[in-house]
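Listed below are the residues making up each chain.
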There are 2 protein chains.
Amino acid sequence: MRDIETHGPVRPTEQALSALRPLPASAVRLARDGLLGGWQARNATATLPHCVEQLGAHGNLSNLSRVSGDAYAGMWFADSDVHKTLEAAFWEAGRSGDASAFAGEVAALLEKAQDPDGYLNSYYQDPEHRGKQWAELHYSHEMYTAGHLIQAAVAAVRSAPGDAAAEQVMSIARRFADLLVQRFGASDEVDGHPEVETALAELYRVTGHRPYLDLAARFIENRGRGVLGEGRFGAAYFQDHEPVRSAPEVAGHVVRQLYLLAGAVDVAVETGDRELLAAAERLCDSALDSRTYLTGGQGSRHRDEAFGDPYELPPDRAYAETCAAIGSFQLVWRLLLATGDVKYADEMERLLYNGIATGIAVDGTAFFYSNPLQLRTGHDGSHEDAPSQRLTWYSCACCPPNLARLMASLHTYVATGGPDGLQLHLYGGGTVSAGGHTVDVRTSYPWDEQITVTVAGPATGAWTLALRVPGWCTNVRLSINGSPAPARGQIVDGYLRLHRMWQPGDRIELLLAMPPRLVIAHPRVDASRGTAALVRGPVVYCLESADLPESGPLAGVPLEDLELDPGASLTIAYHSAGLSPVTVQAPMIARISEGGPLYRTRAAKRRAGPSGLVTTIPYFLWANRAAGPMRVWIPLAAREA
Amino acid sequence: MRDIETHGPVRPTEQALSALRPLPASAVRLARDGLLGGWQARNATATLPHCVEQLGAHGNLSNLSRVSGDAYAGMWFADSDVHKTLEAAFWEAGRSGDASAFAGEVAALLEKAQDPDGYLNSYYQDPEHRGKQWAELHYSHEMYTAGHLIQAAVAAVRSAPGDAAAEQVMSIARRFADLLVQRFGASDEVDGHPEVETALAELYRVTGHRPYLDLAARFIENRGRGVLGEGRFGAAYFQDHEPVRSAPEVAGHVVRQLYLLAGAVDVAVETGDRELLAAAERLCDSALDSRTYLTGGQGSRHRDEAFGDPYELPPDRAYAETCAAIGSFQLVWRLLLATGDVKYADEMERLLYNGIATGIAVDGTAFFYSNPLQLRTGHDGSHEDAPSQRLTWYSCACCPPNLARLMASLHTYVATGGPDGLQLHLYGGGTVSAGGHTVDVRTSYPWDEQITVTVAGPATGAWTLALRVPGWCTNVRLSINGSPAPARGQIVDGYLRLHRMWQPGDRIELLLAMPPRLVIAHPRVDASRGTAALVRGPVVYCLESADLPESGPLAGVPLEDLELDPGASLTIAYHSAGLSPVTVQAPMIARISEGGPLYRTRAAKRRAGPSGLVTTIPYFLWANRAAGPMRVWIPLAAREA
């Protein structure tokens, strides 16, 4: 192990392709009265204990502690939910400074469950399945599960170095990783679910042990050779349809594609492989260009959890799995570090406030697996596949602990930096330190437009403070120590770059104007034609049944019969209490449609219905009140039907 | 057996709820130079031999003839494909008057394969599965398969009475049906896939043996009690979520729901059960009102082959299984007979020329399983689930032989009647006889607007000739023996009812005007907002890549970038050769969209692109040329984006 305390999630080596330097976990503290810091606090007090409780209730923990004869419980990869919760616990232990009892207990369980050769998987250690170890890789998720164990260990030594449980889990993970190197180091095989690639590259980063990186690279290259067969959904489901280097665009199972690309970026960065990095960028961009929802969510098909065709983006049947949003966040973070391209930071922000945040209830203990952008009146929400409300757990519970580990490590994603300066990518109140520089950030972003950055600590000579100007922002105002300063001219490649001899107490005030705006989709997105979405700053808004007018001209109009008046203007309201600090009021017109024929010959103009203002709330806050219909894309009232 | 030669697919008994009387198979001959008769001829010379060949190639036949030790091939309900093809062969034998060698061979196979107690299912007779007979009804399709055997037998004695193979298959089917009565006559169980209900009711109709009807009724009542569990997709997948009588609307797996409702109508009609009939109508109407594609297709979800929510009708991900269209056709035919409501005849027509006809290639030997209304540029059509072109066969091959049996029996659905008159529901050239009356029909419908009906045979006193006036038709012209006659006043409940002392040679000329029209969807159908479809008569048209202009202002414009000019008029062209006798030319405007951002702030008006006329073809003829994108719903050019 080397240098672990000075590195964040990704630590490029000398020859690396790396534009930005991540920060160690200890470099950033998010204030708990901000939205991001508040999420971290909620994660610590609600989500993480909830996950631990659910792992107990659903047998995940007893799978590991069971004596011979006890029945195995849950999915065959249920260990991975333990590992992800363990990772979250380690991030949280490092953040709070308190050792995690759960981490200690699980570390002991894992140590006891591990086979002498390093193998650890309670499903395939069950006497009934032991004979199938490594024998059904298209299906087994064995390396996927191993990958999450390794990621827990990496988080442990990054976030809680010196912690006894952290050291213990790292030893367990290395024994398993050494077994993988021994078993697969010269093999053409791959796992049906990518994940171990990024885990092994990260393990290399914290240990310096090259065989881990070499195995990750081998697994990347082994893909696309058709070794896993077609299965029920075709080779793309397993990410085995085409080599990463030559694939023209994303395909197949979204989470598997994204996890694979995260591993590809890690390997490319560590080995200086520009071709592989370019392939990962090309694939990621192909998703962002034509297969991504307004919320950053990806995955248009329930059947095989797949991307779907270009521009196939149905709001109602959006799959947009929570894990896919997290996978995309991890991928674009890696691409941001590798390339410095602000578009990837913009994508992180979009995902965080929309596609990811919607996955979890305001109380932190209920979750969406799929994240539709529309729920219809009459929706049958009785199934896990497309419930009407968030559920406390799932039979396949990959998403809840994935949220827990992301939220617990959120502070590691907000900034990068080094001796030459700091780059702020995501705006949350708190402090950021790197390269000897420290700044204090105060903001109620994304509710408020104002961000105040104060230089703290001793003077450190000349350095550059880089503040991201989001792509959605067309009006930036800047003042330094109370004096207005020109902003536009100092924006280079999406960042306001302020270079000077910063003095303690210097105060930078940045205003990112957030007038609510109407956004429309590319004309090829058939499913959103004739509609617009309300967006303010980075936050997508939605119309939810709980906000339908109870009096006035629009009282009683069903959600489906409200249309946006495209000519009128949008207003916002601030709230000191309630579900959302900011709501957007939109002028809408009722259309009377119920009971009409399903199809009719196109004819005369329609008469206008009653109109009025309707409240919309942030999409990520929907489904926290009574269950009912919701929509992000709202029909634009037209001059004729 | 009683009266079998005088009855068509459904024969109500005296106490029956029945508005119309079906005709025996021998009562109608369709001329082969018309579209319907041509389909029957193609079915006889191409589709049926193709199905027989495929059954041989895929092991369906050897499953039945296998000696101990041979491996079972295909799906566990593969026998049903044999039974459906056998049914088609019997219909065809009756139509052509030639005995079917295939029917004789299969009858011998079945006789040999049947267990002494009557059980017959080559999967569950396999030594490996024999112990599971009747033990996994949620999954086994055992009664579904038995139902198709029974339907083959019913077709045999209806279409080819006296044929040795027909009598043999009827005996085999009755032995199995008797076993079902014995095994399930006092049981609460049901099959996970409805089908046997309608088969048993039909078997009662041709045998008069009441226990068959009682068992069908019992199976209807047993549903909705939750005896099959939740499975992967919930109880609605098995049609076990709610009793038929109380279910407010259709739900779950489309084919299962439709087959169940067909059985419910049969039972209701035979037992005089008005409540059950009303329930079937209510459920059917709930599908037609908000869950049916413009083509008559049903099923919006690939994942569980389900209806989906109200107004959830994505054109691109339309599942619209061919078997569902056939199931809907059989259901609305039964409701037409029971109620006489013309809307069900309209639905039969819509299904026939669109949702059903699109399932089969012009050469009769390739088939769609799912029938999307849009195929995008960039579609990954490599999987059976959503191929770019029709396939010659499927791993689950339910649809091809279903088409074969429907096409072979098509003549039994075009008319009803008795001594008081004839009712023509579907217009195809040929002859229709019933109640002593005979008419000769000449028409090139649906290409031509003109239908000529000539009274043939001896004078039979006063009777009523009823000619359906399709719901889409707003301009009807009539002449009798060359003299214009008032039409509108004689249209009662959707039929032009002409009562008189018809004389041999009397000639009725009916003109159903078919100007092409722009049809729009209900505003709640989000997936078709801002678009229109081209329809002429009963035929839905589509824009297919093979018809994109190769020269002129629109040359090179991708299909996705063409928009309908809503202000200009549509024209038609007749063709004596080529894929379609009639094409519709529509004025379209190009939009330049490729490469733009996926989402953008709504802003200024767009500049108009080049415009020109584009050819569209009947939807059911698409995918008979080079594979490429297609769409039914075409964006309407708007004044602003």
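Calculation rules
- Each chain has its residues counted from 1, following the order in which its sequence is written.
- Chain letters start at A and ligand numbers start at 1, both assigned in the order the entries are written.
- In keeping with the model being predicted, local features are shown solely for residues with a pLDDT of at least 70 and side-chain atom pairs are shown and tallied solely at 80 or more, while totals for entire chains, interfaces and linings include all residues.
- The side-chain quantities take in all heavy atoms of the structure and omit both hydrogens and water.
- If DSSP finds at least two bridges between two strands, the strands pair.
- In DSSP terms, a helix is any run of H or I states spanning at least four residues, a strand is any run of E spanning at least two, and both are numbered starting from the N terminus.
- Here, axes are lines fitted to C-alpha atoms. For helices the fit covers the stretch in contact, and angles between N-to-C directions go from 0 to 180 degrees.
- By convention here, the domain bounds are inherited from an automatic or database domain assignment.
- What makes two residues a contact is simply this: any of their non-hydrogen atoms within 4.5 Å.
- A quick way to say it: buried area is the sum, across both parts, of accessible area lost when two parts are put together, with a 1.4 Å probe.
- A carboxyl oxygen of Asp or Glu within 4 Å of a side-chain nitrogen of Lys or Arg is what we treat as a salt bridge.
- Whenever two N or O atoms come within 3.5 Å, that pair is a polar contact, provided that in protein one can donate a hydrogen and the other can accept it, and provided that, for residues adjacent in sequence, both atoms are side-chain atoms.
- In this classification, the charged set is Asp, Glu, Lys and Arg, the nonpolar set is Ala, Val, Leu, Ile, Met, Phe, Trp, Tyr, Cys and Pro, and all remaining amino acids, among them Gly, are polar.
- Type-normalised accessible area, obtained with a 1.4 Å probe on protein chains alone, sets the label of each residue: buried when under 20%, exposed when over 50%, and partly exposed for intermediate values.
- In this analysis, rings of Phe, Tyr and Trp, with Trp reduced to its six-membered ring, are considered paired at centre separations within 6.5 Å, and the interplanar angle assigns stacked below 30 degrees, edge-to-face beyond 60, and tilted for intermediate values.
- Note on geometry: a ring has a charge over it if NZ (lysine) or CZ (arginine) is within 6 Å of the ring centre and within 35 degrees of the ring normal.
- Copy-to-copy alignment: least squares on C-alpha atoms, limited to residues at pLDDT 70 or above in both.
- When two cysteine sulfur atoms are found within 2.5 Å, that pair is recorded as a disulfide.
- Rotating anticlockwise by less than a right angle from the far helix to the near helix defines a left-handed crossing, while the corresponding clockwise rotation defines a right-handed one.
- Only buried Ala, Val, Leu, Ile, Met, Phe, Trp, Tyr and Cys residues count toward a nonpolar core, and they belong to the same one when joined by side-chain atoms within 4.5 Å.
- UniProt positions are given in the numbering used here, feature names are shortened, and annotations may be inferred rather than shown by experiment.
- Any angle from 65 to 115 degrees is called roughly perpendicular, while one under 35 is roughly parallel, one over 145 is roughly antiparallel, and all others are oblique.
- What a helix should span is 1.5 Å times the count of its residues minus one.

A word on the sheet that holds strand E10 (residues 483-485) of chain A
Two modes of strand pairing occur in sheets, parallel and antiparallel, and in both the strands are linked by backbone hydrogen bonds.
Residues and elements named next belong to chain A.
Part 1 of the reasoning: Pairing is antiparallel across the open sheet formed by seven strands, whose spatial order is E1-E5-E6-E7-E13-E9-E10. This sheet does not close on itself; its edge strands, each paired only once, are strand E1 (28-30) and E10. Taken over all neighbouring pairs, the strand axes of this sheet differ in orientation by 20° on average, direction set aside.
Part 2 of the reasoning: The pairing of strand E9 (residues 476-480) with E10 spans three bridges and is classified as antiparallel.

Remarks on the domain arrangement of chain A
All names here are of chain A.
Part 1 of the reasoning: Per the domain assignment, the segments making up chain A are domain 1 (4-14 + 36-375 + 384-413), domain 2 (415-512) and domain 3 (517-635).
Part 2 of the reasoning: The distance between the C-alpha centroids of domain 2 and domain 3 comes to 36 Å.
Part 3 of the reasoning: Between domain 2 and domain 3, the contact holds five residues from the first and twelve residues from the second.
Part 4 of the reasoning: Summed over both partners, the interface of domain 2 with domain 3 comes to about 670 Å²; 70% of that surface belongs to carbon and sulfur atoms.
Part 5 of the reasoning: Three residues, Pro446, Trp447 and Trp472, lead the burial of domain 2 against domain 3; their summed loss comes to 89% of the area buried on that side.
Part 6 of the reasoning: Inspection of the region where domain 2 meets domain 3 yields zero salt bridges.
Part 7 of the reasoning: Applying the counting rule to domain 2 against domain 3 returns one residue pair in polar contact (both at pLDDT 80 or more).
Part 8 of the reasoning: Residues of the side of domain 2 that touches domain 3, tallied by class, amount to four nonpolar, no polar and one charged.

With respect to the pattern of salt bridges
Part 1 of the reasoning: Tallied over the full model, the rule gives 79 salt bridges over all chains.
Part 2 of the reasoning: With a shortest N-O distance of 2.7 Å, A:Arg245 and A:Glu275 are connected by a salt bridge. With A:Arg245 in the loop between helix H9 (210-222) and helix H10 (254-271) and A:Glu275 in helix H11 (residues 274-290), this pair connects stretches of sequence that are 30 residues apart.
Part 3 of the reasoning: For A:Arg245, a relative accessible area of 26% corresponds to the partly exposed category.
Part 4 of the reasoning: Its salt-bridge partner being B:Glu111, residue B:Arg175 comes within 3.5 Å of it at the nearest N-O pair. Note that B:Arg175 is positioned in helix H7 (residues 164-184) and B:Glu111 in helix H4 (residues 101-113), a separation of 64 residues in sequence.
Part 5 of the reasoning: Assessed through its relative accessible area of 36%, B:Glu111 is described here as partly exposed.
Part 6 of the reasoning: Via salt bridges that share partners, A:Arg317, A:Asp385, B:Arg301, B:Arg303, B:Asp304, B:Asp309 and B:Glu312 belong to a single interconnected network.

Concerning the packing of aromatic side chains
Part 1 of the reasoning: One pass over the full model with this rule turns up 48 aromatic pairs over all chains.
Part 2 of the reasoning: Each member of the aromatic cluster is reached from another via a ring pair, and the members are A:Trp39, A:Tyr353, A:Tyr427, A:Tyr445, A:Trp447 and A:Phe620.
Part 3 of the reasoning: One cation-aromatic arrangement involves A:Arg500 over A:Trp502; the distance from NZ or CZ to the ring centre is 5.0 Å.
Part 4 of the reasoning: Against the face of B:Phe184 rests B:Arg183, its NZ or CZ located 4.4 Å from the ring centre.

Overview of the pairing of strand E3 (residues 415-418) of chain B
All names here are of chain B.
Part 1 of the reasoning: Across the two faces of E3 the burial is the same, with Ala415 and Gly417 and Thr416 and Gly418 all buried.
Part 2 of the reasoning: In the sheet, E3 pairs with strand E4 (residues 421-424) via four bridges, with the strands oriented antiparallel. Paired with Ala415 across the strands is Leu424, a residue of E4.
Part 3 of the reasoning: Here E3 folds back onto E4 in antiparallel fashion, the turn holding two residues.

Things to note about the relation of the copies chain A and chain B
Part 1 of the reasoning: Rotating chain A by 180° and translating it 0.0 Å along the rotation axis places it on chain B, where the RMSD comes to 0.0 Å. Both copies of the chain, as the preceding transformation shows, are related through a two-fold rotation axis.
Part 2 of the reasoning: Both copies share a contact surface, since 100% of the interface residues of chain A are interface residues in chain B too.

Here we look at the pairing of strand E7 (residues 450-456) of chain B
Residue and element names in this part refer to chain B.
Part 1 of the reasoning: As paired elements, strand E6 (residues 437-443) and E7 share six bridges and run antiparallel to each other. In the strand pairing of E7, Val441 is matched with Val453.
Part 2 of the reasoning: Between E6 and E7, which pair antiparallel and follow one another directly, the connecting turn spans six residues.
Part 3 of the reasoning: Bridge count for E7 against strand E13 (residues 507-512) is five bridges, and the pairing is antiparallel. Within E13, the position partnered with Thr452 by the bridge is Glu509.

A look at the state of the cysteines
All names here are of chain A.
Part 1 of the reasoning: Scanning all chains against the criterion turns up zero disulfides over all chains.
Part 2 of the reasoning: Among the cysteines around Cys51, which has no disulfide bond, Cys399 carries the closest sulfur, lying 11 Å off.
Part 3 of the reasoning: For Cys51, a relative accessible area of 0% gives the class buried.
Part 4 of the reasoning: This cysteine, Cys396, is not joined by any disulfide, and Cys398 carries the nearest cysteine sulfur, 3.9 Å off.

A short note on the packing of helix H8 (residues 196-207) of chain A against H10(A)
All names here are of chain A.
Part 1 of the reasoning: Direction vectors running N to C along H8 and H10 enclose 35°, while the axes themselves pass 7 Å from each other. The element H8 and its partner H10 pack so that their crossing is left-handed. In contact with Glu197, Thr198, Ala201, Glu202, Tyr204 and Arg205 of H8, H10 contributes Leu260, Ala262, Gly263, Asp266, Val269 and Glu270.
Part 2 of the reasoning: Grouping the amino acids of the contact of H8 with H10 by side-chain chemistry returns five nonpolar, two polar and five charged.

Some details on the nonpolar core
Part 1 of the reasoning: Ranked by size, the top nonpolar core spans 222 residues in total, and within it A:Trp39, A:Leu467 and A:Val632 carry the most contacts.
Part 2 of the reasoning: Looking at this core, the element that brings in the most residues is helix H12 (residues 322-339) of chain A, giving twelve residues.
Part 3 of the reasoning: The residues touching A:Val632, leaving out its near neighbours within four places in the chain, are A:Leu294, A:Leu373, A:Ala532, A:Ala533, A:Val540, A:Tyr541, A:Cys542 and A:Tyr619.
Part 4 of the reasoning: B:Leu61, B:Trp91, B:Val106 and B:Tyr619 belong to the second largest nonpolar core, which has 221 residues in total.

Topic: the interface of chain A and chain B
When the parts of a complex come together, some accessible area is lost, and that lost area is often used as the size of the interface.
Part 1 of the reasoning: Facing the 66 residues of chain A at the interface are 66 residues of chain B.
Part 2 of the reasoning: Considering only the side of chain A, the residues that lose the most area to chain B are A:Arg524, A:Leu598 and A:Tyr599, jointly responsible for 15% of the buried surface there.
Part 3 of the reasoning: Salt-bridge contacts for B:Arg303 lead to A:Asp385; the nearest nitrogen and oxygen are separated by 3.3 Å.
Part 4 of the reasoning: The tally of links from chain A across to chain B stands at 24 residue pairs in polar contact (both at pLDDT 80 or more).
Part 5 of the reasoning: Elements that contribute at least two residues to the side of chain A that touches chain B include exactly H11, strand E14 (517-521) and strand E20 (599-601) of chain A.
Part 6 of the reasoning: For the side of chain A that touches chain B, the element with the highest residue contribution is E14(A), accounting for five residues.
Part 7 of the reasoning: Taken together, the residues that form the side of chain A that touches chain B break down as 23 nonpolar, 16 polar and 27 charged.

Notes on the UniProt feature "domain: Non-reducing end beta-L-arabinofuranosidase-like GH127 middle" (unreviewed entry) in chain A
Part 1 of the reasoning: When the UniProt feature table is mapped onto this chain, "domain: Non-reducing end beta-L-arabinofuranosidase-like GH127 middle" (unreviewed entry) is found at residues 422-514 of chain A.
Part 2 of the reasoning: Secondary structure over residues 422-514 of chain A splits into 0% helix and 56% strand, and the C-alpha atoms at its two ends are 25 Å apart.

A short note on the sheet that holds strand E4 (residues 421-424) of chain A
Residue and element names in this part refer to chain A.
Part 1 of the reasoning: Read across the sheet, five strands follow the order E3-E4-E8-E12-E11 without closing on themselves; strand pairing throughout is mixed. A strand with exactly one partner marks an edge of an open sheet, and here the two such strands are strand E3 (415-418) and strand E11 (491-492).
Part 2 of the reasoning: The pairing of strand E8 (residues 462-468) with strand E12 (residues 495-501) spans seven bridges and is classified as antiparallel. From the neighbouring strand, Leu465 faces E12, where its bridge partner is Leu498.
Part 3 of the reasoning: Along the sheet, helix H13 (residues 342-356) contacts E8 and E12; its crossing angle with E8, the most-contacted strand, is approximately 50°.

Remarks on the packing of H4(B) against H7(B)
All names here are of chain B.
Part 1 of the reasoning: At a closest axis distance of 9 Å, the pairing of H4 and H7 adopts a crossing angle of 30°. By the angle class used here, H4 and H7 are roughly parallel. The way H4 lies across H7 gives a crossing that is left-handed. Contacts from Ala103, Gly104, Ala107, Ala108, Leu110 and Glu111 of H4 reach H7 at Ala165, Gln168, Val169, Ile172 and Arg175.
Part 2 of the reasoning: Residue composition of the contact of H4 with H7, grouped by class: seven nonpolar, two polar and two charged.

Some words on the environment of B:Ala99
Part 1 of the reasoning: Among the structural elements, B:Ala99 can be located in the loop between helix H3 (79-96) and H4.
Part 2 of the reasoning: The spacing of B:Ala99 and B:Leu17 is 82 residues in sequence and 35 Å in space, taken between C-alpha atoms.

Topic: helix H8 (residues 196-207) of chain B
Residue and element names in this part refer to chain B.
Part 1 of the reasoning: Counted at 1.5 Å a residue, the expected span for H8 with its twelve residues is 16 Å, and the 16 Å between its end C-alpha atoms agrees.
Part 2 of the reasoning: Across the twelve residues that make up H8, a large majority, twelve, are buried.
Part 3 of the reasoning: Packed against the buried residues of H8 are helix H6 (142-159), H7, helix H9 (210-222), helix H10 (254-271) and helix H12 (322-339).

With respect to unusual backbone geometry
Part 1 of the reasoning: Here the bond from A:Tyr445 into A:Pro446 is cis, since omega is 5°, no more than 30 degrees from zero.
Part 2 of the reasoning: Among the structural elements, A:Pro446 can be located in the loop between strand E6 (437-443) and strand E7 (450-456).
Part 3 of the reasoning: With a phi angle near 65°, B:Tyr311 is a residue other than glycine that sits in the positive phi range.
Part 4 of the reasoning: Mapping B:Tyr311 onto the fold places it in the loop between helix H11 (274-290) and H12.
Part 5 of the reasoning: Its identity is not glycine, yet B:Asn481 carries a phi of approximately 50°, on the positive side.
Part 6 of the reasoning: By secondary structure assignment, the location of B:Asn481 is in the loop between strand E9 (476-480) and strand E10 (483-485).
Part 7 of the reasoning: B:Asn481 gets classed as partly exposed once you look at its relative accessible area, which sits at 38%.

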